[in-house]
Amino acid sequence: MRDVAVIGIGCTKFGEWWDRSFRNLFVEAGVKAIEDANLAGEQIDAMYVGNMSAGRFIEQEHIGALIADYAGLASEHIPATRVEAACASGGLAFREAVISVASGMSDIVVAAGVEKMTDVDTSLSTDALAGAADREWEGFTGATFPGLYAMIATDYIHRYGLTREQLAQVAVKNHYNGARNPIAQFQKEITLDTVTNSTLVADPLRLFDCSPITDGAAAVVVAPLEVAKKFTDTPIKVLATAQASDTIALHDRRDISTLDASVAAGNRAFQMAGLERKDIDFVEVHDCFTIAEICAIEDLGFCKKGEAGKFTEEGATALGGQIPVNTSGGLKSCGHPVGATGIKQVCETVLQLRGEAGKRQVDGAEIGMTHNVGGTGATVAAHIFGRA
Amino acid sequence: MSVPRFWRKIPQRYNLEGTHCETCGRYFYPPRNLCPECRREGTIVNHTFKGVGKVVTYSVIRTASDQFSALTPYVLAIVELEEGPRLTTQLVCSPEEVTIGMPVKAVFRKIGSEGESGVIYYGTKFAPM
Ligand SMILES: [Zn+2]
């Protein structure tokens, strides 16, 4: 296999874009990534596009071809493939691009992610997102996506004694970071009271425990490491790509508040990179809900099971802490355009490793990790990156 | 969400019918026709559950999709049946009543409807014993 590097990144601002279309958003992200990589469009060999539910959100399917067309590449006839794994669609699109280059099948590949979620009302978006779980045996009974994560939270709180304040601290920390990120949907710091006084969505999760409904797109360009220096002075090497699956329904899991797919993907990534947990300087984890970040940092092995609340409260996951988590602001503050999130995590990691993350820069960052979850943990993608 | 797809499954939802693997002894609800333990070696037969179990975890849903919005707030739970399998269900009780470990039994109820005047669909919920 060939070594692979990220040579370009691009991201739209995340938010509610009522005046912009789906194709307008991904073209902006794609053009930024291609400019960042100093590429000409005709040098692109293939595209992978992460998208969860354009069919529900904008009633458009056939996203691969649509994106290639509006990226100006219809005349090049490049292979353009949509990748879907709910909220992990972006992470898997990136992984497919890496595999394609590593295998030698392609040289320059674009991995993009896009979602336009605000064109439908909340009831429809709630229903569409519930499709990330088991429609026949979870959705049918009235299980919403926040409701499923809320049941993880209830189980976790009951077993490990997580406090309301510790859970809220995840959101406070991520908003602090997001306030320092120009692409974040909410660039505003919040307090513990903001979280604990917000409306209940699905007990015990409140509005500020949940990532928002968001429009946005992100794109990256990957290339063989051996040619990466021709395009950029700061190629970022992909040290590991890993993916794992688990039961689609939460009720069939071995342990309600351990995402075994996160454990498996994390272990595979560390093994592939030949690295240990202490080698990681920062990590972007999938915090679609505050409880998800608590589970993620334990499942990836950054602290012991049951201790993530205390770990967070003590500042270990904050900027300047032992292992900064979600320097971008995470899904919570950046917003969560589901198909784009996994690619945005890669963009943030590359910025950090280039030393271009501005006010949220992790000093001396050399190794970073991303963790992208589909559904309640039925799919997980994990990647590790380092300076080349 | 399309109702016809759910109609096909309704006998199993009405009667809490699942499956049983005679090779390894595991029970499945929702039903599976391939045993994840024995895979192709498994012998799967139908099984009707007694319908008693206990609450593993729960939430109270306050924001729902259209089909369920008239029911909010409602209690959603994962219930472990006496025979072993777990399922997601609504509980017929108040949010204050529910606790982890609470014994529950299956009851036949309206599950939801397609809008205010749309088709109603039925199935199993669980109530405190
Ligand atoms: Zn079996």
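Reading the values: rules and limits
- Residues numbered from 1 in each chain as written.
- Chains lettered and ligands numbered in written order.
- Predicted model: local features only at pLDDT ≥ 70, side-chain atom pairs only at ≥ 80, totals over all residues.
- Heavy atoms only, no water.
- pLDDT = per-residue confidence, 0-100.
- Helix = DSSP H or I, 4+ residues; strand = E, 2+ residues; numbered from the N terminus.
- Expected span 1.5 Å × (residues − 1).
- Buried < 20%, exposed > 50% of the residue type's maximum accessible area, 1.4 Å probe, protein only.
- Contact = heavy atoms within 4.5 Å.
- Buried area = accessible area lost by both parts, 1.4 Å probe.
- Salt bridge = Lys/Arg side-chain N within 4 Å of Asp/Glu carboxyl O.
- Polar contact = N/O pair within 3.5 Å; in protein donor to acceptor, adjacent residues only side chain to side chain.
- Donors = N, O, S within 2.8 Å, 3.2 Å for Na, K, Ca; no water.
- Tetrahedral: all angles 85-135°; square planar, octahedral: opposite > 155°, others 65-115°.
- Phe/Tyr/Trp six-rings, centres within 6.5 Å; stacked < 30°, edge-to-face > 60°.
- Pairing = 2+ DSSP bridges.

A closer look at the confidence of the model for chain B
When pLDDT is low, close inspection of the predicted coordinates is not appropriate.
Line of reasoning, step 1. Mean pLDDT over chain B: 89, with 90% of residues reaching 70 or higher.
Line of reasoning, step 2. Scored as a whole, the predicted complex attains pTM 0.97, and scored at its interfaces, ipTM 0.95.

Examining helix α7 (residues 164-178) of chain A
Residues and elements named next belong to chain A.
Line of reasoning, step 1. Helix length check: α7, at 15 residues, gives a terminal C-alpha distance of 22 Å against a target of 21 Å (1.5 Å per residue), a fit within 8%.
Line of reasoning, step 2. The buried count for α7 comes to eleven of 15 residues, which makes it a mostly enclosed element.
Line of reasoning, step 3. The complete set of buried residues in α7 reads Gln 166, Leu 167, Ala 168, Val 170, Ala 171, Val 172, Lys 173, Asn 174, His 175, Asn 177 and Gly 178.
Line of reasoning, step 4. Residues of α7 that are buried make contact with α8 (192-196), β6 (205-206), α11 (290-299), α12 (308-313) and α13 (330-334).

Focus: the interface of chain A and chain B
Line of reasoning, step 1. Contacts between chain A and chain B engage 28 residues on the former and 35 residues on the latter.
Line of reasoning, step 2. Approximately 2,900 Å² of surface area, both sides summed, lies buried where chain A meets chain B, with 61% of it carried by carbon and sulfur atoms.
Line of reasoning, step 3. At the surface where chain A touches chain B, the tally comes to two salt bridges.
Line of reasoning, step 4. Arg32(B) is the salt-bridge partner of Asp252(A), the closest N and O atoms lying 3.2 Å from each other.
Line of reasoning, step 5. Scanning the region where chain A abuts chain B turns up 13 residue pairs in polar contact (both at pLDDT 80 or more).
Line of reasoning, step 6. The element best represented in the side of chain A that touches chain B is helix α6 (residues 145-160) of chain A, accounting for six residues.

A short note on the coordination of the zinc ion
Tetrahedral metal sites with four donors have an ideal angle of 109.5 degrees; octahedral sites with six donors have ideal angles of 90 or 180 degrees.
Residue and element names in this part refer to chain B.
Line of reasoning, step 1. Looking at the metal site, the zinc ion is ligated by Cys 21 (SG), Cys 24 (SG), Cys 35 (SG) and Cys 38 (SG), spaced 2.3 Å from it.
Line of reasoning, step 2. Taken together, the four donor atoms surrounding the zinc ion define angles of 105 to 113° at the centre, an arrangement classified as tetrahedral.
Line of reasoning, step 3. Every donor residue of the zinc ion comes from the same chain, spaced as C-x2-C-x10-C-x2-C. Linking Cys 21 in strand β1 (residues 17-21) with Cys 38 in the loop between β2 (27-28) and β3 (44-48), this pair joins segments that are 17 residues apart in sequence. Residue Cys 21 shares its accessibility class with Cys 38, and that shared class is buried.

Topic: the environment of Pro79(A)
Residue and element names in this part refer to chain A.
Line of reasoning, step 1. Structurally, Pro 79 is set in the loop between α3 (63-73) and β3 (80-83).
Line of reasoning, step 2. Taking the C-alpha atoms as reference points, Pro 79 and Ile 44, separated by 35 residues in sequence, lie 9.8 Å from one another.
Line of reasoning, step 3. Leaving out residues up to four positions away in the same chain, Pro 79 has contacts with Asp 45, Ala 46 and Met 47.

A few points about the packing of aromatic side chains
Two aromatic rings are characterised by how far apart their centres lie and by the angle between their planes.
Line of reasoning, step 1. Going through the model one piece at a time under the given rule, you end up with eleven aromatic pairs over all chains.
Line of reasoning, step 2. Here the aromatic rings of Phe145(A) and Tyr149(A) are separated by 5.5 Å at their centres, their planes lie at 80°, and the arrangement is edge-to-face. You can see Phe145(A) and its partner Tyr149(A) sitting in helix α6, four residues apart, about one turn around the helix.
Line of reasoning, step 3. The class of Phe145(A) is buried, set by a relative accessible area of 5%.
Line of reasoning, step 4. Connected via pairs of aromatic rings, a cluster forms that spans Trp137(A), Tyr27(B), Tyr29(B) and Phe49(B).

Structural notes on α6(A)
Line of reasoning, step 1. For α6(A), which comprises 16 residues, the first-to-last C-alpha distance of 23 Å matches the rise-based estimate of 22 Å (1.5 Å per residue) to within 8%.
Line of reasoning, step 2. Among all positions of α6(A), only Phe145(A), Pro146(A), Gly147(A), Leu148(A), Tyr149(A), Ala150(A), Met151(A), Ile152(A), Ala153(A), Thr154(A), Asp155(A) and Tyr156(A) are buried.

What about the sheet that holds β2(B)?
Strands pair in a sheet through their backbones, by hydrogen bonds, and they do so in one of two ways: parallel or antiparallel.
Residue and element names in this part refer to chain B.
Line of reasoning, step 1. Pairing is antiparallel in the open sheet, where three strands are placed in the order β2-β1-β3. Only two strands of the sheet have a single partner each, and these edge strands are β2 and β3.
Line of reasoning, step 2. Pairing between β1 and β2: two bridges, direction antiparallel. Bridging across to β2, His 20 finds its partner in Tyr 27.

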